[in-house]
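# Examining the three-dimensional arrangement
Listed below are the residues making up each chain.
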Amino acid sequence: IQTDVLNHLRKIKNSEWTKSTITNRAGIQDIIGHINGYYIAIEVKNELTRPSKLQEFRISETNIKGGYSFWATSWAEVRNNLLRFAENKNFSLFI
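Here's what I pulled together on the structure shown here. (Residues numbered from 1 in each chain as written. Predicted model: local features only at pLDDT ≥ 70, side-chain atom pairs only at ≥ 80, totals over all residues. Heavy atoms only, no water.)

Okay, the pairing of strand 3 (residues 38-44) next. With five of its seven residues buried, strand 3 lies for the most part within the structure. As judged from the five bridges shared by strand 2 (residues 31-35) and strand 3, these two strands associate in the antiparallel manner. Bridge pairing in strand 3 places Ile31 opposite Ile42. Turn length for the strand 2-strand 3 hairpin, with the two strands adjacent in sequence and antiparallel, is two residues, and the turn residue Asn36 shows positive phi of about 50°. When strand 3 meets strand 4 (residues 68-72), the two strands line up parallel, connected through five bridges. The residue bridging Ala41 from the neighbouring strand is Ser69, located in strand 4. A crossover links strand 3 with its parallel partner strand 4, the connecting element being helix 2 (residues 53-64), and its sense is right-handed. (Buried < 20%, exposed > 50% of the residue type's maximum accessible area, 1.4 Å probe, protein only. Helix = DSSP H or I, 4+ residues; strand = E, 2+ residues; numbered from the N terminus. Pairing = 2+ DSSP bridges. Right-handed = clockwise from strand over helix to strand, strands pointing away.)

So this is what it looks like as structure tokens:
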């Protein structure tokens, strides 16, 4: 799922993405990047799992600090979250 999501994300103009593979902090989201300068972190789960308490904390922490973070189980969910985010920030996102 992560590879599929990452492949779609990398097609978005004015954005850059990477898969978080080695970090010094547990619970860091799977995919980290930016769109138009906004920091975005995405936790990717399969349909049968949910984020751990620590992952939920990291998602909340990112949002409180001005970034945008969420968890999703598919590209469709990621896409919908990003479109909503772009609308709230008043910029167009063509994905």
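The end-to-end C-alpha distance of helix 3 (residues 75-88), which contains 14 residues, comes to 20 Å, matching closely the 20 Å that a straight helix rising 1.5 Å per residue would cover. The elements touched by buried residues of helix 3 are helix 1 (2-9), strand 2, strand 3 and strand 4. Two residues or fewer after helix 3 comes Asn90, characterised by a positive phi angle close to 60°. (Expected span 1.5 Å × (residues − 1). Contact = heavy atoms within 4.5 Å.)

Spatial ordering of the open sheet is given by 1-2-3-4, a layout of four strands whose pairing is mixed. The sheet terminates laterally at strand 1 (15-19) and strand 4, the two strands that pair on one side only. Each neighbouring strand pair of the sheet contributes to a mean axis angle of 20°, computed without reference to strand direction. Contacts from helix 1 reach strand 1, strand 2 and strand 3, with the element oriented near 160° to strand 1. Contacting strand 2, strand 3 and strand 4, helix 3 crosses the sheet at an angle of about 155° to strand 4. (Axes fitted to C-alpha atoms, helices over the stretch in contact; angles between N-to-C directions.)

Enumeration according to the criterion identifies four salt bridges in this entry. Lys65 is paired through a salt bridge with Glu61; the nearest N and O atoms lie 3.7 Å apart. According to the relative accessible area criterion, Lys65 is exposed, its value standing at 65%. On the basis of relative accessible area, Glu61 is assigned to the buried category, the value being 17%. Counted as one network, the salt bridges with shared partners bring together Arg58, Glu61 and Lys65. (Salt bridge = Lys/Arg side-chain N within 4 Å of Asp/Glu carboxyl O.)

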